[in-house]
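A look at the structure
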Amino acid sequence: MATQTVRKPYVRHRSAWWWTKNPRYLLFQVRELTSVFVVAYAFLLLWQLWALRSGPESYDAFLQMWYSRPMVIVNGIILAFALLHSVTWFAATTKVPLFRIHGRPPPVALTIGIYVAIWIVLSLVVAKLLYGVP
Amino acid sequence: MAGAPAPKPASATPPPPPRSVPPPPPKPAVPAPKGSSKTIKLRIGRYRPERSAEPFYQEFTIPYRDDMVVLDALNYIKDRIDPTLAYRWSCRMGICGSCGADVEGSPKLTCALYLKDLRKSPVTIEPLANFAVLKDLIVDIEPFMEKLESVNPYIVRGDEKPIERGEYRQTPEELELYRQQSLCINCMLCYAACPVYGHDEKFLGPAASALALRYEMDSRDQGSEERLAAVATSHGIWQCTFVGECSVVCPKHVDPAGAIQQLKARAATRLMRSMLLPLSTR
Amino acid sequence: MAERVDRITPTFWGLFTLGGFIAAFLLPVLIMMNSLAYPLRVVPWGAVQYAPALGWMRGDPVVFLLGRSAAWLAPWLPKLFLVLVIGGALFHGLHRFKYVLYDAGLHGAKKVLDPVMYGIAAVGTAAGVFLAFSFP
Ligand code: SF4
Ligand code: FES
């Protein structure tokens, strides 16, 4: 545009601490950080596979490490974040309705209920099928 | 809209001495609105580019009644204390979308927030976060308008049928598919709540994405291909990390965060289909 | 908008979403069984040794439950399961972590971050496939 402007827009920048501004932002950051633990466990599994594949001695050494107190604590922390991932993931994915009832998305509680039911069944099946527990 | 930025310092305003900073202290002893006995202290973010390069805060203590909203307080200040205070408003009933401001750090429609519900003292009122400030509480809405325009926000027809054949009809179910997204009042609160937009000013952002989905879901529309292309650019929907705060602050329950996720799913399935069936879709 | 349409991101977003579901549904039970069942004494020490672990990889716990006609599936199930979990977790987690890094200020580094993150995910998944399916 040719018109002259006397505007002097004042541009503000996002603070590096924006995520401390409210609890939802904080939960978001924690949710995003679950990715670190999810990836970490994938690498631990690769390590375990490697050790198992290399024979009894190397797997024994692996188990020494795996069931040492610090590692159990680490695994506990990873489990906590994995659970947080599951819960936040089920909540987040309700945003894309899988089906509609008269044009309306199903109630969020129903979708989450379906997810949790599948989750429990799958967990039991895996525990039973692959580990014989319970 | 009250207080659009004047091209030069308005000479009609009472003569505050030409100083740069700091602002004049609030003037006491103001006649109270009828029936009020309580007072509230407001700390208002101000920016007067013709006087100083930096924004500053100015405190006002005003009497109020329980039925007053933040916008009433701003009007009270402008009418009786400081006529230079600039802010936007029009409908004062939550439908024009022009009165947004950050109150205590969260974006609100000032016409829909009661003073009696504010706990803190003073209550900080600032221009909507993430936008460039033009004057006091007035932010630059032009980038937002450009974003709205960029998503082809109109019904696109490949085959236009002749007028004699009548209108394009929709069932209530078909209307329901996009009704929620069509309720947006362009108040920009969602942009003020979006840390991704705060980080990347080119980010398409919540409301424009919701607007795109509104036309995507319209049974009469046939412009999906171009529209999805328009929202799937490098500053488009894929920048969204689903913080979700936009949907929390939206006064019209448009759920722009959900809209973006739906657009992502549509764009991804469309791409997958075009990769699997390269001939049929392209 | 004259900008080029992004075709890479939707592809990896699809993997991110798929992996997100896999991790959400399967990771907790796997961590529970594989890492914490013994410390919590849900299973005895004997059950986590080399021999039973190798048997696990060969599908021993499944074989009794599958029945005769499906017994051939047994050695494949644990391996498929592991590859799914490892690949899903990597593609999910590294995509999400990429955005964490963007947000932390590496926004300009998209050209580097994309190949690095998805490269790690692909290599890790390939390693999982190799390790799982090449058992002695
Ligand atoms: S989506 Fe909601 S918050 Fe955003 S501009 Fe529209 S009405 Fe306002
Ligand atoms: S004045 Fe119109 S929405 Fe507040």
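Residue positions are counted from 1 within each chain, in the order its sequence is given. Working convention: letters from A go to chains and numbers from 1 go to ligands, in the order in which they are written. Confidence filtering applies because this is a predicted model: local features only for residues at pLDDT of at least 70, side-chain atom pairs given and counted only at 80 or more, and all residues used for totals across whole chains, interfaces and linings. To get the side-chain values, all heavy atoms of the structure are used, and hydrogens and water are removed first.

**Here we look at the pairing of strand 5 (residues 123–126) of chain B**
Residues and elements named next belong to chain B. The criterion, for reference: For two strands to be treated as a pair, DSSP must find no fewer than two bridges joining them. The way it works is that DSSP assigns letters per residue, a run of H or I at least four long becomes a helix, a run of E at least two long becomes a strand, and they are numbered from the N terminus.
Of the pairings in the sheet, the one linking strand 1 (residues 38–46) to strand 5 comprises three bridges and is parallel in character. Its bridge partner lying in strand 5, Ile44 is registered against Ile125. Summarising the sheet, strand 3 (residues 100–103) and strand 5 pair through two bridges and their orientation is antiparallel. When the bridges of strand 5 are listed, Val103 appears paired with Ile125.

**A few points about the interface of chain B and chain A**
Inclusion rule: By the convention used here, residues are in contact when the closest approach between their heavy atoms is within 4.5 Å. Put simply, buried area is the surface a 1.4 Å probe can reach on two separate parts but cannot reach once they are joined, added for both. In what follows, salt bridge is the name for a side-chain nitrogen of Lys or Arg lying within 4 Å of a carboxyl oxygen of Asp or Glu. What qualifies as a polar contact is a pair of N or O atoms within 3.5 Å, subject to a donor-acceptor requirement within protein and to the restriction that residues adjacent in sequence count only when both atoms come from side chains. When residues are grouped by polarity, Ala, Val, Leu, Ile, Met, Phe, Trp, Tyr, Cys and Pro land in nonpolar, Asp, Glu, Lys and Arg in charged, and all others, Gly among them, in polar.
On the chain A side, the residues contacting the 41 residues of chain B number 24 residues. When chain B packs against chain A, close to 2700 Å² is buried across both sides, 53% of that on carbon and sulfur atoms. Together, Glu176, Phe242 and Glu245 of chain B form the three largest contributors to the area buried by chain B at its contact with chain A, with a combined 18%. For the pair chain B and chain A, the interface holds four salt bridges. Glu245 of chain B is the salt-bridge partner of Arg24 of chain A, the closest N and O atoms lying 2.7 Å from each other. The tally of links between chain B and chain A comes to 17 residue pairs in polar contact (both at pLDDT 80 or more). Going through the elements one at a time, strand 6 (133–135), helix 3 (172–179), helix 5 (195–199), helix 8 (245–249) and helix 9 (256–276) of chain B are the ones with two or more residues in the side of chain B that touches chain A. Partitioned by chemical class, the residues of the side of chain B that touches chain A number 23 nonpolar, nine polar and nine charged.

**Re the pattern of salt bridges**
How we decide: Whether a residue is buried, partly exposed or exposed follows from its accessible area with a 1.4 Å probe, protein chains only, as a fraction of its type maximum: under 20%, in between, or over 50%, in that order.
Per the counting criterion, the structure on display carries 22 salt bridges over all chains. One salt bridge in this structure joins Glu32 of chain A and Arg96 of chain C, with 3.2 Å as the shortest N-O distance. Taken together, the residues span two chains, with Glu32 of chain A in helix 1 (residues 23–53) and Arg96 of chain C in helix 4 (residues 76–106). Grouping residues by exposure puts Glu32 of chain A and Arg96 of chain C together as buried. Here Asp66 of chain B ties to Lys38 of chain B by a salt bridge, and the two come within 2.5 Å at their closest N and O atoms. In this pair, Asp66 of chain B sits in the loop between strand 2 (56–64) and helix 1 (70–81) while Lys38 of chain B sits in strand 1, placing the two residues 28 residues apart along the sequence. Exposure remark for Asp66 of chain B: the relative accessible area of 37% places this residue in the partly exposed category.

**Comments concerning the confidence of the model for chain C**
All names here are of chain C. Here is the rule: For every residue, the predictor states its confidence as a pLDDT score lying anywhere from 0 to 100.
Chain-level pLDDT for chain C is 89 on average; 95% of the residues reach the 70-or-more range. In the model of chain C, helix 3 (residues 60–66) stands out as the element of lowest mean pLDDT, 78, in contrast to helix 1 (residues 8–36), which has the highest, 94. Reported confidences for the modelled complex are a pTM of 0.88 and an ipTM of 0.91.

**Here's the deal with the interface of chain A and chain C**
Contacts between the two partners involve 52 residues from chain A, matched on the other side by 57 residues from chain C. With both chains or domains summed, chain A and chain C bury close to 4900 Å², and 77% of this area falls on carbon and sulfur atoms. Per-residue buried area on chain A facing chain C is highest for Arg53, Trp89 and Leu130 of chain A; these three make up 15% of the total on that side. Applying the counting criterion to the chain A and chain C interface returns two salt bridges. Between the two partners, chain A and chain C, sit 14 residue pairs in polar contact (both at pLDDT 80 or more). Contributions of two or more residues to the side of chain A that touches chain C are made by helix 1, helix 2 (56–66), helix 3 (69–93) and helix 4 (108–131) of chain A. Among the elements that line the side of chain A that touches chain C, the one with the most residues is helix 1 of chain A, at 19 residues. The residue makeup of the side of chain A that touches chain C, split by class, is 35 nonpolar, 11 polar and six charged.

**Quick word on a nonpolar patch on the surface**
What counts here: Excluding any residue in a salt bridge, patches collect residues exceeding 30% relative accessible area, merging like charges within 9 Å and nonpolar Val, Leu, Ile, Met, Phe, Trp and Tyr side chains within 5 Å. The Shrake-Rupley method, run with a 1.4 Å probe sphere, supplies the accessible areas, and residue values consider only the shown protein chains as cover.
Taken together, the side chains of Leu98, Phe99, Ile101, Leu110, Ile114, Ile118 and Leu122 of chain A define a hydrophobic patch exposed on the protein surface, amounting to about 570 Å² of accessible area. By relative accessible area, which is 35% here, Ile114 of chain A ends up partly exposed.

**So, the site of ligand 1**
Inclusion rule: One heavy atom suffices: a residue is near a molecule or strand as soon as one of its heavy atoms comes within 4 Å of it.
Cys184, Ile185, Asn186, Cys187, Met188, Leu189, Cys190, Ala207, Cys250, Pro251, Val254 and Pro256 of chain B make up every residue found near ligand 1. Here the residues of the shell around ligand 1 are counted per class, giving 11 nonpolar, one polar and no charged.

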